[in-house]
Structures are given as C-alpha cells and as structure tokens.
Amino acid sequence: MVPAEPEGVAVEVRDLVKRYPKSPVNAVDGVSFAAVAGEVFGLLGPNGAGKTTTIGMLTTRVRPTAGMARIGGVDVVGDPVRARAQLAVVPQQSNLDRSISIRDNLIFHAAYHGVPARVREERADELLDQFGLLDRAKDKPDFFSGGQSQRVMIARALMHAPRVLFLDEPTTGLDPAARLFVWDRLRELQDSDVTLILTTHDMDEAALLADRVGIMDHGHLLALDTPDALVRALEGEGTLELAADRPADRTVVEALAALDGIDRVEQVHAAAEDGAPESSDSQPLRVRLYLTGDAALLVAPAAAVLTEHGLALQDVKLGAVTLEDVFIHLTGRTLR
Amino acid sequence: MNAIAAPVLPPGTQWRAFRMVLYRDLYVTWREFPAFLAQVILQPVFLLFVFGKVLGTLNYTQHGYTNVLYPGLLALTAVITAMQALAFPLVAEFGWTKEIEDRLLAPMPTSYVVGEKVLFAVVRSLAATLIMIPLGIIILGSIPWRWGALPLFVAGLLLGALVGAGFGLLMGTLVPPQRITLLFSLVFTPLLFTGCTQYPWPQLSQLRWFQIVTACNPMTYVSELMRGAMVPELVPHIAPWLCIVVLIPSVAVLLIVGTRGFYRRAID
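Criteria and thresholds
- Residues numbered from 1 in each chain as written.
- Chains lettered and ligands numbered in written order.
- Predicted model: local features only at pLDDT ≥ 70, side-chain atom pairs only at ≥ 80, totals over all residues.
- Helix = DSSP H or I, 4+ residues; strand = E, 2+ residues; numbered from the N terminus.
- Rg over C-alpha atoms; globule rule 2.2 N^0.38 Å.
- Contact = placed C-beta atoms within 7 Å.
- Nonpolar A, V, L, I, M, F, W, Y, C, P; charged D, E, K, R; others polar.
- Expected span 1.5 Å × (residues − 1).
- Bend = angle between axes of the 7 residues up to and from the residue.
- Pairing = 2+ DSSP bridges.
- Axes fitted to C-alpha atoms, helices over the stretch in contact; angles between N-to-C directions.
- Buried ≥ 20, exposed ≤ 12 C-beta atoms within 10 Å, placed from the backbone.
- Parallel < 35°, antiparallel > 145°, perpendicular 65-115°, else oblique.
- Left-handed = near helix turned anticlockwise from the far one by under 90°.

Colleague: Please clarify how the overall build of chain B should be interpreted in this entry.
Modeller: The number of helices and strands found in chain B is 10 helices and 0 strands. If you list the helices and strands of chain B from N to C, you get α-α-α-α-α-α-α-α-α-α. Relative to a compact globule of 268 residues, whose C-alpha radius of gyration would be 18 Å, chain B shows 20 Å and is just as compact. C-alpha extents for chain B along the principal axes are approximately 85 × 35 × 35 Å.

And the structure:
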C-alpha cells in the first residue's frame, strides 16, 4: 500500500531521455514517474530495458540527454551534491572498499556523509547486527559471497539515513536463502520513511516488494501501477498449460487456437525434465493457452482437441495471471 | 502532491567529505606501511645501490657519478611514486573493484574526488622522497646537499609529484583494465628512461636525437631542477628557472586533461 503519511514526492522523473554516444537508439526514451516518500517503487523489465540507466541518471552517475529528474525536490543535474546527500545506492556488482573491514566500510561511508563520529559507530553496530554480520565486522570484504556483500552494501547505504535508497537488481545471482534474507530486510524498510527504488527482472520480487511497479522495455515505461492493478487489467486472462503424451505437429496447436475463449497459444519448448535436452520435435507436446475466458470451462474442449488428434492428456495446469503475463501482454516477449 | 522540502546542506559538508576521503587513504596507507615502503622505495634503492655503490666500488663509474645520479633518483622517486599512487588504483577502481563509486556518491563535487586523489598522490610522493634522504646517506655515505637551495629543492619535489600525479591521472583514466600490462611496457618504461634521471641533459648534445627525445619528457625538467638545486657547480644542468617555466604549464596540461579523463569515467 502507498502510505498516506508522509505526503510528498521523493523522486520525480519527467520525460527523461538518455542516448549514449554512438548509439542509434535512446537507452531511456522519455520516461516519467514519481514516487512518494516511503513508497517502494519497482522498475521491472528485461536486461537492457533501460532500468539501470534510469537509476544512473537519478543517482548523478549518468548525465541525462534530456528531461528532468529530482530527488527530494533537488534537481540531480543542477545540484548533484545536494542530491547525493539524500540518496544511497546498492549496485548490482559489489563496490565495497577492499582495503578496510566491513565495519570500516560502514563507518567511512557515514563519515563521507558527515554523520557524527559517535552516531556512526553506534549505527554501524546496529546495522551489522540487523544484517547478521556482527561476527564478521572485522573481516575485509575480499572473500564475502555475493549475498554477504549485498547485505553489507545495503547496511552501508543505510548508514547516512538516506531519503531515497536505490537498489539495482538487489537479488540477482543470490542463492534462494540469501535472496529471502535480503527480501526480509527490504520488507522491514517498507515500514520506514525511506523511499525504495528497485530494479529487477524478477516478477516475484517486484510483486512481493513493490507498492507500485513500472514495466520497462526498450527505454520506455509501458505501464505503471500497483502489481494488483496491473494484473487485474488482464482480468479473465488466465493461462492453461497442457501436456500430451507424444510429440505433435502444428495442426494441433492451430486447432487449440481456434477454440472459443483462447487468446493465443504458445508451444513450450523446455528441456526434458529428467535428462538431456531433446529437440522440440521429439518432445511430447506441451502448450500454454492464454485465455480470455474462464480456464475451468476450457479444459474439456482442449482435451477433446488432443483426443481428436490421437493424443492423450497427461498434465493440466491452471495459471493465474502474473506480472510476467502482464509483461508478455505488453511486449509479446517473456522476461528472460 | 507537494515535493518534500529540499534539504539545506550543512555548511562545510563538501570539505568534510573531502577530508574524510583523504583520511581514509592515509588510514589505509598507514596500516599497510611496509607494503607502501616496498612499493615506492625498492626500485630507487636498487638503482642507487647498483649504480651509485656497486659500479662505483668496481670503478666502472667515475667518482662523482653519484652527484648526477642522486638528484635524478629523487626526481624519479617523486614522479613515479605519485604516478603509481594514481594510475594503478584508478584503473582498478574504475575497471573492476568499483571502489570509487562510494566516493563519487559522497556529497561533494566530482572535482573534489579528483583533487583528493592528486593531493594524496603528492603526499605519498613527498613521503617517499623524504625517506630517500636517509637511505641515500646510508648507501652512499653522504649526499650532496645545500641548505640555501631548500626552496628550489622543495619546488622540484612538488613539481615532480604533480607531474607524476598528472601522468597517473591520465593513464589511470585512459587505459582500459585489459591493457594494464601494456601500461608498464609501453608507457612506464620509456618514461622512466627518457627522464634524464641517470644522465645530465646538457651533455646529451653528443647524442642529439636522444637529447630531443628527452626534452619532450617533463620528468627531464624535474631531474634537471633537482640537479640545479643540489649540485649546481658539479654537474651541467638546465637552468632552474627554465625548468620551472616548462614544468608549470606541463603540470597544468596533464592535470586538466587527466581530470577530463576522470570525468569521462565518472559520469556517463
């Protein structure tokens, strides 16, 4: 939920454009959005969609070609120093200071931001404790795993009590346990006044953490709403996944697509579940039907089509609409 | 919806960030002091020992060669130390450790980050050259010294450090990480041997083309300035005023171009 208090825009982006030299297209192409204080705002899109470039412009590391970006009312181009004082960044790749301990990483970061000595000492210990790093406080970050580095970087980012925290793909490449840990910590931040702007290509992450999600592709913001509203916009569009016992040709797929209440049919070419990947011709038929009507009513007609073509139905899965389906609907492609 | 009130930065925020970043660099250097010593002192000490002591003892060099060599080695130490303090860390920090990002996001202008790097390189350079003085006395028995030349001596070390910092900034921001070994062979080594650290420039008139080559290396004027300060009567040298006149614009150009390179890497 978008918190009612405190009122006010923490991040504001208007018609933001970035074209890199020698590139024929805009990496970010006229993006506009705003996030209020305390909100968790997710930018969802595949790699290369322009999410990281958008974050780069907001965090003063990428110069916009056109448009406006403000952090807490401060123009990031006009007054980058004041903008930096209010923001913190957790990047995709570790950028921890390898010459000093992780506790010193936190302390020096706070010192750069003018946090008084006593406050930064106390806050460092609190955050190290909260992030489960107290026993490693004196270690240098050299041999930290991706998950541990990520935790240190989030703790470091919070040291100067930023108004806006940017997280670029915060859990990409983490193992499931580390990912859950990071998600838990970020959910704790949802209750604070800190505005979180996170990019992700993981729809679960976006749905789980974000109050609102902006879907990006090819530098454009295609849709922007709460995860619920985005999914609801595709109402009635469930999915129905069918698996048959044997391979089949296109005629079956076409016959399924001709049924009432079916938007389109996608053949799923997965690797064989227990063994080496096989070519799609030799795989048993597996299709995903995107529905415009009620999924339960379509199971019988779809099964009948398979039977007509001499196939037996092996597996049926009814799927609710997810953010990934919203993305597919908007772009015609999957996220990965 | 109204924008939340834009905060006012407390006065001194930017300088405090600058000081804290400098403090971090000094803190790390202090804690790794033996490594610092090995990195900056080993090479000049070996040069001093082999060319100043060993070859002299074996009578392969004339008595008095140390008058040529020692001021040159101080110049070399000043330039190389400052260069190393910038070039390799910058290549690594922009290339793969990304350590510099936390500084670039500190509440200070990007130019302060550059300024801190240069100041730190100068501090390291001065520390290294000062250490070379007792080492010179130990290895050579005595070093040429004139108290009256102290201002010129200090000017030489400072300008040497700044030349090195300028080169380091330039290399550190222009060289992509995968070419870091080329930096050594194609830039470092030629710079090292065309800087008149082991021979006096005026006498190169016997080898005219090399004299012209060395005249293009700013390090030459640092070496010659040190000779002008320390051994003006004993070794032929370029006039100190001329060295300073060449060095000041050289430093300016190196630092300006290097800072541009830094901005290019820091902000896309």
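Colleague: Is there a simple way to explain the interface of chain A and chain B in this structure?
Modeller: Often, the extent of an interface is quoted as the loss of accessible area upon association of its parts. With 35 residues of chain A at the interface, the matching set in chain B holds 31 residues. Looking at the side of chain A that touches chain B, the elements that each hand over two or more residues are β1 (9-18), α2 (80-86) and α3 (102-112) of chain A. If one sorts the elements of the side of chain A that touches chain B by residue count, α2(A) sits on top with 5 residues. Per-class residue counts for the side of chain A that touches chain B are 14 nonpolar, 12 polar and 9 charged.

Colleague: So what exactly am I meant to see when it comes to helix α5 (residues 110-140) of chain B here?
Modeller: For an α-helix, 3.6 residues make a turn, and residues three or four places apart therefore share a direction. Residues and elements named next belong to chain B. Over its 31 residues, α5 extends 45 Å from the first C-alpha to the last, a length consistent with the 45 Å expected when each residue adds 1.5 Å. The largest bend in α5 is about 30°, located at Pro134. Taken from the residues just after α5, Gly141 is the one with a positive phi, measuring 90°.

Colleague: Looking at this model, I keep getting lost on the sheet that holds strand β9 (residues 212-217) of chain A. Mind explaining?
Modeller: The strands that make up a sheet are held in pairs by hydrogen bonds between backbone atoms, and each pair lies either parallel or antiparallel. All names here are of chain A. Taken together, the 6 strands give an open sheet; going across it, the order is β6-β7-β8-β3-β9-β10, and neighbouring strands pair in mixed fashion. In the strand order of this sheet, the two ends are held by β6 (87-90) and β10 (220-225), each with one partner. Averaged over all adjacent pairs, the angle separating strand axes in this sheet is 15°, with direction ignored. Of the strand pairs in this sheet, β6 and strand β7 (residues 164-168) are connected by 4 bridges, and their pairing is parallel. Looking across to β7, one finds that Ala88 is bridged to Leu165. Across the sheet, helix α11 (residues 323-331) is in contact with β3 (40-44), β9 and β10; its angle to β9 comes to roughly 40°.

Colleague: How should helix α10 (residues 240-266) of chain B be read in this particular structure?
Modeller: With 27 residues, α10(B) extends 37 Å between its outermost C-alpha atoms, agreeing within 8% with the 39 Å of an ideal straight helix rising 1.5 Å per residue. Of all the residues in α10(B), the buried ones are B:Pro240, B:Cys243, B:Leu247, B:Ser250, B:Val251, B:Leu254, B:Leu255, B:Gly258, B:Thr259, B:Gly261 and B:Phe262.

Colleague: How should the packing of α3(A) against helix α4 (residues 117-130) of chain A be read in this particular structure?
Modeller: Packed helices, taken two at a time, are described by the angle between their axes plus the distance between the axes. Residues and elements named next belong to chain A. One can describe the packing of α3 onto α4 by two numbers: an axis separation of 9 Å at closest approach and a directional angle of 135°. Put simply, α3 runs oblique to α4. Read as a crossing pair, α3 and α4 show a hand that is right-handed. The residues of α4 that touch α3, namely those facing Arg103, Leu106, Ile107, Ala110 and Ala111, are Arg120, Glu121, Arg123, Ala124, Leu127 and Leu128. Tallied by class, residues from the contact of α3 with α4 come to 7 nonpolar, no polar and 4 charged.

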